[in-house]
Every structure is written in structure tokens, then in C-alpha cells.
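Coordinates in review
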Amino acid sequence: MTRTIRGKARLAPARLALGLALTAALVAGASAAGPKAPDWSQLLATAQNDGNWITYGGTYDEQRFSRLTDINERNVTALAPAWSYEFDTNRAQETTPLIYEGVLYATSAWSKVFAFDVLTGKLLWSYDPEVPRDRANAGCCDVGNRGVAMYDGKLYLGTFDGRLVSLDAKTGKPVWSVQTTDVTKPYTITGAPRVVKGKVIIGNGGAELGVRGYVSAYDAQTGKKIWRFYTVPGNPANGPDGEASDEVLAGKAAGTWNGTFWQAGGGGTVWDSIVYDTELDQLYIGVGNGSPWNHRVRSAGKGDNLFLSSVVALNPDTGKYIWHYQGTPAETWDFTHTQTITLATLNIGGAPRKVLMQAPKNGFFFVIDRVTGKLISADNYVPTTWATGYDQSTGRPIETPEARYGNAAFTSFPGALGGHNWQPMAYSPLTGLAYIPAQDAPFRYEETPYYKYRPGGWNLGIDLAGAVPPDDVAQFKAIRAMLKGRLIAWDPVQQKEVWRHDYTGPWNGGVLVTAGNLVFQGDLTGKFHAFTADKGKQLWSYDLGMSVMGSPVTFKVGGDQYVAVVSGYGGAYALTSSFTDNPGPQPNGRLTVFKLGGKAVLAQVQRASLSPANPASDRFAPAQVASGKVDYENQCFSCHGPSGMSSGVLPDLRRSAAVSDRGLWKQIVHGGLLKDNGMVSFARVFSEDEVESIRAYVSHRAEILKREEGAK
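Now for a description of the structure that goes with this document. (Residues numbered from 1 in each chain as written. Predicted model: local features only at pLDDT ≥ 70, side-chain atom pairs only at ≥ 80, totals over all residues. Heavy atoms only, no water.)

This next bit is on the overall build of the protein chain. Counting secondary structure elements, the protein chain contains eight helices and 41 strands. A globule of 712 residues ought to have a C-alpha radius of gyration of about 27 Å, and the protein chain, at 24 Å, matches this closely. For the protein chain, the spread of C-alpha atoms along the principal axes amounts to about 70 × 60 × 50 Å. Looking at the protein chain residue by residue over its 712 residues, the buried ones come to 63%. Contacts in the protein chain between residues far apart in sequence, at least 24 positions, make up 64% of those at least 6 positions apart. (Helix = DSSP H or I, 4+ residues; strand = E, 2+ residues; numbered from the N terminus. Rg over C-alpha atoms; globule rule 2.2 N^0.38 Å. Buried < 20%, exposed > 50% of the residue type's maximum accessible area, 1.4 Å probe, protein only. Contact = heavy atoms within 4.5 Å.)

Structure follows, in C-alpha cells:
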């Protein structure tokens, strides 16, 4: 039998208050007990034991490389499911599972945690922090969670509503909980915490909606905050923050910002990569994009805006600044540098160099000296139109003249989804290659003439209304064909591609590489693949029936090596792209564990049917439709898709019963009727007239859909 632990339901904003009252449904049975998680010295040692997978990146260098060889290029074709588990939601599935002494810990959407017996697949316990569903509006990119951290008998979870929760690893019972964010602002947490020397390190997200980024360290035993580092300056009128970042923000960063940048927070959220260097005792954080995106709006077009789009090295004990490298100065394209940071020692120029490697959104692969923070090399791993290369003497990009879209729209390769997004890359010290889940996903940038800061809304400083997919079928197909995904094996020393595997679409899963000369990755169509690590030959593939975004891991229990991966659609591409292969309602996510000779038969994936298009009978003036288009495409697209074309994770508004009912539409969009389903009131963002104009536009899109479906 299983044990389910739930957080206390709370009322916003009071429901997000500090503290955690509990209700527990406890069921007797020794099966609920699991192993005690290791302390710090054990954690470092155990992270090198390939029988387990106890940190987010596999080891502290975050190479996602396993020395296990039981599953290898000679026998991988015998890999088959040992067991699987279906989650209770179709929202984003992004987790990297942890495995320690026969127990697998995985997270799901809405920050839920699950513990399984690896040998049997039995659910030992689950924990639901009960994130208020109306908090979904605070996220840019769905409500996924990328995993937990483990230390000294406890698991550590960052919740979507900004809490850091400590759980007993054996039972799933909460030990402590702290609110790490200001609940009045649209902060979220989707990334996995890291444990460093008795401290839990956690960042946050929310730059698109207008927040100021930071990373914090908490005592792993008590939850007490130890230090905080802000990545961008605050309002100068407020003075110093009294935090670890005060000195460097005043001395290095403040002079690189201009205008009233603090109004929308500035951005710079640390929403993914946080890596501890056990050799140099340094902590590296990857810093995100600006808020708003548009540098001309955010900072009057002046200054580099430190520390946006940078890797920053900090003292893990104090949070004090050591060095930084800014890969995209004066960021204006949503080019985050939060993507995987991987540590290694490479032979460069005939000498060993301690380096960090990163393939961030901007399309260039960086090799950085992690002692000094100086750029060693950078070259593009995907086509880039915003810059032609990097000046080795300055470490700055050589931008193309039109890239900053001040005078005209600019289509950039890569775009806001990046040449590589959050899906982790891997590195093999055996092949010397990095394995990048890369993609071609261009984006059209155009400065908006009507920007105004909207608290709680999207604040990008660009016009998305001009970037919607065309109604012309041939044009639509042509643009869809430009969106490609690939797995790239990249030589970081020579800065060149060694091999690649092309996919039919972007947004493919995280990567695992093993000493069995294998690379594992899932794709957008639901296939889970194994390739040879040295040559890229595809050896094996298994159809999981739904997109794979999550990151595979491998481990050994009871004499057998296993591979585990979570499948399920969602995330930024799924919600914001109309170019989906599966537009119908998406199925619930699934965890699948494989072994050689596995005998499990997976349940067939069931997909619900689509409702018909439902345009309103009302007649709307063209000007009203046009006005609604501007508001919809700049605020509503992030959940319901551009042009109202949903991927199926969230409702397709063109098919909604509310479109034909003015009163119901107003109650939902302006009144918050469905806030418990995640659809909050937009009264702060839109007037009642604007809400009606949005209905006019969605109805117009529904009419087009009805004609298209009637013609088939």
C-alpha cells in the first residue's frame, strides 16, 4: 500500500504564507520506508557510485555520464520495459529522477514527488504540496518540475509557488518549508535544488512577467536563509539589499543599467543551472534573460546589463562574487544562459585546462576557464543570424547590424526557444564529446509601439501580434518545415560537430551518455532512442506513445542495470507553438523503467477526441477583432497558443463553449470563474472592453477553423 502526503490548502495570498500545516493519510506497512539519504561526505562519495543517481546531473560535475556497461552497444536491442507508472496530469513532465539504494524519486507537474521501489515499480509514497492552481498564471512555460535534491535523510523540493520544502526521504513527510519568493510577484520555481556543504541552493523564474532574479542558500537542516545573491540591481532609491551581492552590484553592475529598469524587475532569474565545483570550491549559476526582453525598452538601449545572460561564479559559503562571463551582453532576444553547465578538464593547446562548457540559447558553444572566468573558445553549434562569431580578444559577440530590430522586424536563428533550451546535455570523458539536444526554431522580433508595463502580465517589449502563424496553408507548412530538432555530438576542443541525428521536430528530451558507448534521448514524437556515443549509429528505439522531454538516467540495483525516463508533453514549445503534430488533448505523463529482457507491457496511450469549432453568432467590427488580436497574441498566447491554436495541453479556445457566450466569457476572463483550474482573472491586465475584443478575435479564429474542418 502507498502513503500520500499532502500540503495544506491555502487561500492566496495567505495560502502562500510561511509555514506548512499538514494532513496525512497514513497507511501501515514497512514498504513505505526507504533508505536514509547520505550526508555531505557520503554524498560526494556516493555521487561517484554509478549504481545510484543521487544528484541532478548524475555527479557534481553534471556530465550526465555513467560508467555502467552492463547495457551496451552489443546488447541494447534487448532493452524493454520492466515497469511503468502513469501520473495524474498531462502537464509538463521534465524530471530527472534520483535513485538511491533501490528507491527511485521522481517529480511531476505541479511539484508533486513520488517514491518507487525500483525492483517492483511499487509506489512507496507520494507528496503533493498542493500548489494553488491559480498560480499557473505566474509561469512562462507550464507547471513542470525538473527534480529534487537529496541530503542527510531528506529530499529538497522547489515548488511552483516559490516554496522550498524538505521531505523525509523514507516517508515523504515534510520536515520544514520556507517561502523563498515574494508571493505578490510572479515568481515560480521549476528547477531542481542543489545541495552544497550543508546548504540547499535554489533560484527561481518569472522574468517574462516582471521580476528581479536571485539565487539563495538555505540551511539544509533548518531552512534558515544563509545568503542571497541578486543577479541585477534593484531600484537605486531603495539602497543596498543587505545581501551578498551588494558590493559587486554597486561596483560592477549598476553602471551597466539605464532608465527605469527596475520597474519590470530587470529579469536575470536563475531558473535552472546551479553547479558546484568540488575541485575549486566554487558555485556556478546560469543567469537568464532581461525583463522586458527588449533592451531598448528595458534599459533605454544602453549598457551591458550585468549580470543578465551570464555565468557567475560565487563563493558557496558566503554567496560572494568571484568572477563572471557574460555571453550575451545587452541581451534583447530572451537568450538565457541558464542551460546546462558541465565541468571537465580538457586538453587545450597541449595543456590540461579546468573548464566549464555550456550550449546556451544563443546558439554558441562556450568553453570557459573556470579558474579565471575567461573565454577560451566559442563557436555556433546551430545556424545563427544574430551574430557571426565571437571576438576572442574581448569575449564579445560580433553582432549582425539588423539583429537588434530597432528599425525593422528581424527573424533570428535561433529564436526565443533557443538553439538549446532546458533539456540537459551530456558529456563523455571517454569520447571527449558533448551531446546537445539542439534545435532550429527561428523567431520574429519586432519592437512594439504600444508597450506599457502590466503587473502580472507578459512584459516583453516586443510585438508578438506580427509573429502569428499565417492562415495560408502552404506558408504554414513551409514555416513548420523550418522547425527541426537534432542530437549533436560536439567536440568542445575543436569546436566542431562530429555527428548528428536529425528529428522531425524540435523540443526533444534530455541526454544520457554511458561507458557502454551509448547515448539515450527521447524525441517529440514519443520515440526513446539509443545511439553509439562515438559514431552516432542508431541501435534501438522504443515508442512510448507521447513526447519525451524528461532526462533519462541509469543505475544498477540487484545486479541489473536499468534506464529510466519520464515522457509527457508540455513546456514552452508545447504551449506557445501552433506547429504541433498532435493537436488533440494530450495524455497523462508516464515514468518508464527499462532493463535487458524486461517483460512489462505498457498500456496503450489513449487520446480524447476534439470538440468542434465554436464561433460566436455575434458580429464583430474588424477594428475590434484587430484590437483583440494584439491583446491575445501578446498576453494569452503563452498558454493557449498563437492564433488560438492549442497544442492540446491546455484548452483550445476556438472550441470553447465560452466563445459563443459573452457573459460566460466575461466571468472567466475578467471574473476569474475558473481560477481553481489555473485560469485566473485578468482584470488587472485587461478592461472589460478589451476582454470582449479578445473574444472577438478568438471567435474570428474559430470561424477560420470551422471552414477548414468543414472543407476536409
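What follows picks up the thread again.
All right, on to the sheet that holds strand E37 (residues 527-532) then. One open sheet holds the five strands; their spatial order is E3-E35-E36-E37-E38, and the pairing between them is mixed. Looking along the sheet, the strands with just one partner apiece sit at the ends: strand E3 (65-66) and strand E38 (538-543). Note: E3 against strand E35 (residues 511-514), two bridges, orientation parallel. Residue pairing for E35: Phe65 is matched across the bridge by Val513. (Pairing = 2+ DSSP bridges.)

Turning our attention to the state of the cysteines. Formally, a disulfide is one covalent bond, and it connects the sulfur atom of one cysteine to the sulfur atom of another. Summed over all chains, the structure comprises one disulfide. A disulfide-free cysteine, Cys636 has its sulfur positioned 8.7 Å from the sulfur of Cys639, the nearest such atom. (Disulfide = S-S within 2.5 Å.)

Our next topic: the pattern of salt bridges. Opposite charge on two side chains makes pairing possible when the charged atoms of those side chains draw close. One pass over the full model with this rule turns up 37 salt bridges. Put simply, Asp88 and Lys112 hold a salt bridge, and the shortest N to O gap is 2.6 Å. Highlighted residues: Asp88 in the loop between strand E4 (79-86) and strand E5 (98-100) and Lys112 in strand E7 (residues 112-117), separated in sequence by 24 residues. Lys361 is the salt-bridge partner of Asp334, the closest N and O atoms lying 2.9 Å from each other. Of this pair, Asp334 sits in the loop between strand E22 (321-326) and strand E23 (341-348) while Lys361 sits in the loop between strand E24 (351-358) and strand E25 (364-369), placing them 27 residues apart in sequence. Pair check on accessibility: Asp334 and Lys361 agree, each one buried. (Salt bridge = Lys/Arg side-chain N within 4 Å of Asp/Glu carboxyl O.)

Moving on, we come to the packing of aromatic side chains. The final tally for this structure, using the stated rule, is 43 aromatic pairs. With a centroid separation of 5.0 Å and an interplanar angle of 45 degrees, the aromatic rings of Trp333 and Trp386 are classed as tilted. Within this pair, whereas Trp333 is found in the loop between E22 and E23, its partner Trp386 is found in the loop between strand E26 (375-380) and strand E27 (387-391), the two being separated by 53 residues in sequence. When its relative accessible area of 0% is taken as the criterion, Trp333 is described as buried. (Phe/Tyr/Trp six-rings, centres within 6.5 Å; stacked < 30°, edge-to-face > 60°.)

A few words now on helix H6 (residues 622-640). In this model H6 runs just 22 Å from its N-terminal to its C-terminal C-alpha over 19 residues, more than 12% under the 27 Å that 1.5 Å per residue would give. At Glu633, H6 shows its largest kink, close to 50 degrees. For H6, every residue scored as buried is listed here: Val625, Gly628, Asp631, Tyr632, Glu633, Asn634, Gln635, Cys636, Phe637, Ser638 and His640. With its phi angle positive at about 90 degrees, Gly641 sits one or two positions after the end of H6. (Expected span 1.5 Å × (residues − 1). Bend = angle between axes of the 7 residues up to and from the residue.)

This part takes up the sheet that holds E4. The four strands are arranged E4-E41-E40-E39 in an open sheet whose pairing can be described as antiparallel. If you trace the sheet from one side to the other, it starts and ends with E4 and strand E39 (553-557), each paired once. Mean inter-strand twist for the sheet, computed between neighbouring axes without regard to direction, equals 30 degrees. The sheet contact formed by E39 and strand E40 (residues 560-567) spans five bridges and is antiparallel. Bridge pairing in E40 links Val553 to Ala564. (Axes fitted to C-alpha atoms, helices over the stretch in contact; angles between N-to-C directions.)

What follows deals with the side chain of Thr592. Note on placement: Thr592 falls in strand E41 (residues 590-596). Judged by its relative accessible area of 0%, Thr592 falls in the buried class. When residues no more than four places from it in sequence are discounted, the contact partners of Thr592 are Pro81, Trp83, Ser84, Leu544, Val563, Ala564, Val565 and Leu602.

Here strand E11 (residues 163-168) lies mainly inside the structure; five of its six residues are buried. Across five bridges, the pairing between strand E10 (residues 154-158) and E11 is antiparallel. Following the sheet pairing, Leu155 is matched in E11 by Leu167. Linking E10 to E11, which pair antiparallel, is a turn of four residues; within it Gly162 sits at a positive phi near 95 degrees. Between E11 and strand E12 (residues 174-179), which follow one another and run antiparallel, lie five residues, and Gly172 among them has a positive phi close to 80 degrees.

Here we come to the layout of surface pockets. Here the second largest pocket is characterised by a volume of approximately 830 Å³. Put simply, the parts of the chain that give the lining of the second largest pocket at least two residues each are H6 and helix H7 (662-669). In terms of residue count, H6 provides more of the lining of the second largest pocket than any other element does, five residues in total. Broken down by class, the residue content of the lining of the second largest pocket amounts to 22 nonpolar, 15 polar and six charged. (1 Å grid on protein atoms, 1.4 Å probe; cavity = no way out; pocket = protein on both sides within 12 Å on 5 of 7 lines; lining within 4 Å. Points joined across faces, edges and corners; volume = space filled by probe spheres on them. Nonpolar A, V, L, I, M, F, W, Y, C, P; charged D, E, K, R; others polar.)

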